[in-house]
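The lines below spell out each chain.
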Amino acid sequence: MRHLIDPLDFSKEEVGELLDVADDIAADRFRYGEVCRGKKLATLFYEPSTRTRLSFEAAMLNLGGSVLGFASPDSSSVAKGESVADTIRVISCYADICAMRHPKEGAPLVAARYSGIPVINAGDGGHQHPTQTLTDLMTIRRRAGRLHHLTIGLCGDLKFGRTVHSLIKSLARYEGMRFVLISPEELRLPDYIRDEVIKANGIPFKEVETMEEVMPELDILYMTRVQRERFFNEEDYIRLKDTYVLDKYKLRTAKPELSVLHPLPRVNEIAGEVDDDPRAAYFEQAQNGVYVRMALIMKLLGLTLPAENAKEGTVC
């Protein structure tokens, strides 16, 4: 039994195979409509989510399975003081696979140690978000045609942004990557990511405070919101929340083939006028999240597309 807790739990080769399946699902998801019939996904979300929770649920329903779980700890026995270990022990009696989001870093790892079913980390505090990373990789690969020799700009909250941390860890395994880190001083990338991932792998990078000065260099611009829920001081949040706003004017010097990604939700860091720009990839990115999670559920449950539904040459 395998879990997905960290973005590096799968090898680079396994990620490629999983993205191949996700691409095949994107081409014709209806062929996969019976793969998980009789299987149940438990969604245990200890903090708010729209896209991640609903995309997991859509993924399982698209595969012919069913869903149970909770969207808030207030509606579960957590409100009575039940531990993560006990919750997952019980859920293992009801479901075949589990997706967990938790505000405490490491909680999904604890769950995996006590679980009788595969556990997927759907985000743990400001730590990791591996399924969002798989979604990002799929979007980058489909847009750029590759996952190597790219200049990636990461903009906004790099300190608390778990999507940024997971993406950097994953992209560091590919050749020819270069990172441009765009943030205010207070929201810079944590030292452990900079030192243990970027520097340790000899990856070129630079840190800047404005996106305009680096826009022409970028192949990918990954925008993030400043996350109110990660701040202890409301004044700091208010001071920093409008630091970066991407609009058409700032895009004027960008490459025609640039792709703008965002894990969503956005607040005001991408102006609505950008949505119609062909370089805007964030809604496509959200759709890719369903395909990736369908492929992931299949992989962790050891399921493949029935032979009668498979096309010649399909990777499953």
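Residues numbered from 1 in each chain as written. Predicted model: local features only at pLDDT ≥ 70, side-chain atom pairs only at ≥ 80, totals over all residues. Heavy atoms only, no water.

Asker: What is the right way to look at the packing of aromatic side chains in this model?
Answerer: Any pair of aromatic rings gets described here by the distance separating the centres and the angle formed by the planes. Counting across every chain of the model gives two aromatic pairs. Seen from their ring centres, tyrosine 46 and phenylalanine 70 are 5.3 Å apart, and the 85 degrees between their planes marks the pair as edge-to-face. Taken together, the positions of tyrosine 46 in the loop between β1 (40–45) and α2 (51–62) and phenylalanine 70 in strand β2 (residues 66–70) put the pair 24 residues apart, joining distant regions of the chain. For tyrosine 46, a relative accessible area of 8% corresponds to the buried category. Relative to phenylalanine 283, the ring of tyrosine 282 lies with its centre 5.1 Å away and its plane at 65 degrees, an arrangement referred to as edge-to-face. Looking at tyrosine 282, the relative accessible area reads 1%, which means it is buried. You can call phenylalanine 283 partly exposed: its relative accessible area is 47%. One Lys or Arg, lysine 299, reaches over the ring of phenylalanine 10 and ends 5.3 Å from the middle of that ring. (Phe/Tyr/Trp six-rings, centres within 6.5 Å; stacked < 30°, edge-to-face > 60°. Helix = DSSP H or I, 4+ residues; strand = E, 2+ residues; numbered from the N terminus. Buried < 20%, exposed > 50% of the residue type's maximum accessible area, 1.4 Å probe, protein only. Lys NZ or Arg CZ within 6 Å of the ring centre and 35° of its normal.)

Asker: Please clarify how the sheet that holds strand β4 (residues 119–124) should be interpreted in this entry.
Answerer: Strand pairing in a sheet relies on backbone hydrogen bonds. The paired strands run either parallel or antiparallel. The sheet built from four strands is open, its strands ordered β2-β1-β3-β4 with parallel pairing. At either end of the open sheet lies a strand with only one pairing partner, and these are β2 and β4. For this sheet the average axis-to-axis angle between neighbouring strands, irrespective of direction, equals 15 degrees. (Pairing = 2+ DSSP bridges. Axes fitted to C-alpha atoms, helices over the stretch in contact; angles between N-to-C directions.)

Asker: Teacher, can you tell me more about the layout of surface pockets here?
Answerer: Regions of empty space are outlined by a rolling probe, equal in size to a water molecule, passed over the atoms. If you add up the space inside the largest pocket, you get close to 580 Å³. Lining the largest pocket are 30 residues, with Thr52, Arg101, Pro263, Leu264 and Pro265 sitting closest to its centre. No other element matches helix α9 (residues 282–301), which puts six residues into the lining of the largest pocket. The residue makeup of the lining of the largest pocket, split by class, is eight nonpolar, 14 polar and eight charged. (1 Å grid on protein atoms, 1.4 Å probe; cavity = no way out; pocket = protein on both sides within 12 Å on 5 of 7 lines; lining within 4 Å. Points joined across faces, edges and corners; volume = space filled by probe spheres on them. Nonpolar A, V, L, I, M, F, W, Y, C, P; charged D, E, K, R; others polar.)

Asker: Looking at this structure, I do not really get helix α1 (residues 12–27). What am I missing?
Answerer: The α-helix winds at 3.6 residues per turn, so residues separated by three or four positions along the chain end up facing the same way. Between its first and last C-alpha, α1 extends 23 Å over 16 residues, near the 22 Å set by a 1.5 Å rise per residue. Of the positions making up α1, those classed as buried are Glu14, Val15, Gly16, Leu18, Leu19, Val21, Ala22, Asp24 and Ile25. Check the buried side of α1 and you find it contacts α5 (130–144) and α9. (Expected span 1.5 Å × (residues − 1). Contact = heavy atoms within 4.5 Å.)

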